[in-house]
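Structural features, examined
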Amino acid sequence: MIYILWHWQEFFVSFFPILSVLGSIVVFLCSVFYFIEVLQSDNILTFYKSLNFYISAAIFIWWLIITPIVFYDNYSAYEVDVYVRDWDYIELRKLIYLSANIFMYSTFTFALIFCKPQLKND
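Note that the structure is a prediction, hence the values are computed from the model and not measured.

**Concerning the overall build of the protein**
When helices and strands are counted, the protein shows four helices and zero strands. Put simply, the protein runs from its N terminus to its C terminus through helices and strands in the order α-α-α-α. Burial status across the protein gives 25% buried among its 122 residues. In the protein, once contacts between residues fewer than 6 apart in sequence are set aside, the share between residues at least 24 apart is 60%. Per element, the accessible surface of the protein, about 9,800 Å² overall, is 68% carbon and sulfur.

**Some words on the pattern of salt bridges**
The final tally for this structure, using the stated rule, is one salt bridge. Between Lys94 and Glu91 there is a salt bridge, and its shortest N-O distance comes to 3.4 Å. Of this pair, Lys94 and Glu91 both sit in helix α4 (residues 87-114), three residues apart, which is roughly one turn of that helix. Using a relative accessible area of 46% as the deciding quantity, one classes Glu91 as partly exposed.

**Some points on the nonpolar core**
Residues Ala58, Trp62, Ile66, Ile69, Tyr89, Ile90, Ala100, Met104 and Phe108 constitute the largest nonpolar core, which totals nine residues. Mapped by element, the contributors of at least two residues to this core are α3 (51-70) and α4. Counting residues per element, this core draws most heavily on α4, which supplies five residues. Every residue in contact with Ile66, bar those within four places of it in the chain, is listed here: Tyr97 and Ala100.

**A word on helix α2 (residues 17-39)**
Owing to its 3.6 residues per turn, the α-helix aligns residues three or four sequence positions apart on the same side. Over its 23 residues, α2 runs 33 Å from end to end, which matches the ideal 33 Å to within 8%, given 1.5 Å per residue. Those residues of α2 that fall on the buried side of the exposure criterion are Ser20, Val21, Ser24, Ser31, Tyr34 and Val38. Packed against the buried residues of α2 are α3.

**Considering the packing of α3 against α4**
Interhelical geometry of α3 versus α4 gives an angle of 175 degrees and a closest axis separation of 9 Å. When the axis of α3 is compared with that of α4, the two are roughly antiparallel.

**A short note on the packing of aromatic side chains**
As enumerated under the stated definition, the model contains 11 aromatic pairs in all. With centroids separated by 6.0 Å and ring planes inclined at 85 degrees, the aromatic side chains of Phe47 and Tyr48 adopt a geometry described as edge-to-face. Judged by relative accessible area, Phe47 falls into the partly exposed class, the value being 30%. Given the relative accessible area of 45%, Tyr48 is considered partly exposed.

What counts and how
- Residues numbered from 1 in each chain as written.
- Predicted model: local features only at pLDDT ≥ 70, side-chain atom pairs only at ≥ 80, totals over all residues.
- Heavy atoms only, no water.
- Helix = DSSP H or I, 4+ residues; strand = E, 2+ residues; numbered from the N terminus.
- Buried < 20%, exposed > 50% of the residue type's maximum accessible area, 1.4 Å probe, protein only.
- Contact = heavy atoms within 4.5 Å.
- Areas by Shrake-Rupley, 256 points an atom, 1.4 Å probe, with all protein chains shown as cover.
- Salt bridge = Lys/Arg side-chain N within 4 Å of Asp/Glu carboxyl O.
- Core = buried A, V, L, I, M, F, W, Y, C linked by side-chain atoms within 4.5 Å.
- Expected span 1.5 Å × (residues − 1).
- Axes fitted to C-alpha atoms, helices over the stretch in contact; angles between N-to-C directions.
- Parallel < 35°, antiparallel > 145°, perpendicular 65-115°, else oblique.
- Phe/Tyr/Trp six-rings, centres within 6.5 Å; stacked < 30°, edge-to-face > 60°.

Given below as structure tokens:
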């Protein structure tokens, strides 16, 4: 929020890569903390049955693939009266996003179909 307030004039005309990078750091840390928690508990014996494991692993891998693309978004940025764009990069970016999304959502689908729900012991 501080970064947006500091660069208020650019908020509506440009993309802030720092927001995507900070978001990926938060997702990365949450995934790592979850994996550490699983490693330190008895759930390590049955982690492959957990829906949470597959969701956190898929999101972790998705963010590792997508985050570096943010640094190269200048190649696909639109500028007024400039018609030179790197169409090869745009097609590659589209293919990477499509592949990463298919991987992530197919992992979610697999996990939702084959993982048993966890029962709460009250």
